[in-house]
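Listed below, chain by chain, are the residues.
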Amino acid sequence: MTRWLLPIGLVMALVGYFGPWVDHPVAGLVITGLDMGEYVKFLPIVREGTISIWRPGFYLPLVAISLAAIIAAYRSDLAYRWWLRAPLLALATVAAINLVPPAWTPARLLEPEFRFQTTSLLLLLVGVALAPFLALIPRTLVAILVTFLAGIAFTLPFYTFMQLLPTIEELYNQPLTAAWGLWLMTLGLLIVIVAYWRLPSQPSSPEIYRKIVAE
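Residues numbered from 1 in each chain as written. Predicted model: local features only at pLDDT ≥ 70, side-chain atom pairs only at ≥ 80, totals over all residues. Heavy atoms only, no water.

## Looking at the nonpolar core
Here's step 1: Of all hydrophobic cores here, the largest spans 67 residues; its most connected members are L6, L10, F161, L189 and Y196.
Here's step 2: A per-element tally of this core places helix α9 (residues 139-172) first, with 12 residues.
Here's step 3: Excluding residues within four positions of it along the chain, L189 makes contact with A13, A64, I65, A150, A153 and F154. (Core = buried A, V, L, I, M, F, W, Y, C linked by side-chain atoms within 4.5 Å. Buried < 20%, exposed > 50% of the residue type's maximum accessible area, 1.4 Å probe, protein only. Helix = DSSP H or I, 4+ residues; strand = E, 2+ residues; numbered from the N terminus. Contact = heavy atoms within 4.5 Å.)

This is the structure in structure tokens:
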């Protein structure tokens, strides 16, 4: 059950992140989770410094989803075959690549504003390459890491979003509520956390490494 629960949770979280957080009949006024990191920069209360937010927090779900998929791909206690392992690594890569800011240039990636995204992207791509080794991390340590990261990845964006929602309502001149994308992402990350705590214990050893790489 757990081996299917984890990829389902990851897909739900990523779909929810790419889905609408602010919905609207006019497509151009729909705001997705991916949009939020850039969108908030143009809100008056943010530009004027009336409210202080950590903008990279809206990209934490991508980091959590990518890392959780990377760690899961080669774990022997999940025993994924290549036909599921490859999509997991592809999902991790897609999530990581979306950390790249719009209209980017190599010089722009080095700007302080995008340093978190650039650093996270590089570390995650290295993680994809080292996925067989990351699979050897003990179950309890992995569960704690994923719980911490995924927990922050939905609580911080959710809290910040709810702080900004009244301002967005003023701009739209209508009452708004959090759309299905935010709720689906939150549910997906919660499922990922539960799935990691349900993993059976796995000893780290060269034999396990040889087994998971050979499969």
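We are not done yet, so read on.
## Some remarks on the environment of L60
Here's step 1: Mapped onto the elements, L60 comes out in helix α4 (residues 60-73).
Here's step 2: Since its relative accessible area comes to 7%, L60 is described here as buried.
Here's step 3: Put simply, L60 and A153 are 93 residues apart on the chain and 4.8 Å apart in space, counted from C-alpha to C-alpha.
Here's step 4: Excluding its chain neighbours within four sequence positions, the residues that come into contact with L60 are W54, F116, I152, A153 and L156.

## Re helix α1 (residues 2-18)
Here's step 1: Its 17 residues give α1 an end-to-end C-alpha distance of 24 Å, which sits within 8% of 24 Å, the value for a rise of 1.5 Å per residue.
Here's step 2: Every buried residue belonging to α1 is among T2, L5, L6, P7, G9, L10, M12, A13, L14, G16 and Y17, and all of these are buried.
Here's step 3: In this structure, the buried residues of α1 make contact with β1 (20-22), β2 (31-32), α2 (33-39), α4, α5 (82-97) and α10 (180-197). (Expected span 1.5 Å × (residues − 1).)

## A closer look at the packing of α1 against α10
Here's step 1: Direction vectors running N to C along α1 and α10 enclose 155 degrees, while the axes themselves pass 7 Å from each other. In this view, α1 runs roughly antiparallel relative to α10, as classed from their interaxial angle. Considering only the axes of α1 and α10, their crossing is left-handed.
Here's step 2: The residue inventory of the contact of α1 with α10, partitioned by class, reads 18 nonpolar, five polar and no charged. (Axes fitted to C-alpha atoms, helices over the stretch in contact; angles between N-to-C directions. Parallel < 35°, antiparallel > 145°, perpendicular 65-115°, else oblique. Left-handed = near helix turned anticlockwise from the far one by under 90°. Nonpolar A, V, L, I, M, F, W, Y, C, P; charged D, E, K, R; others polar.)

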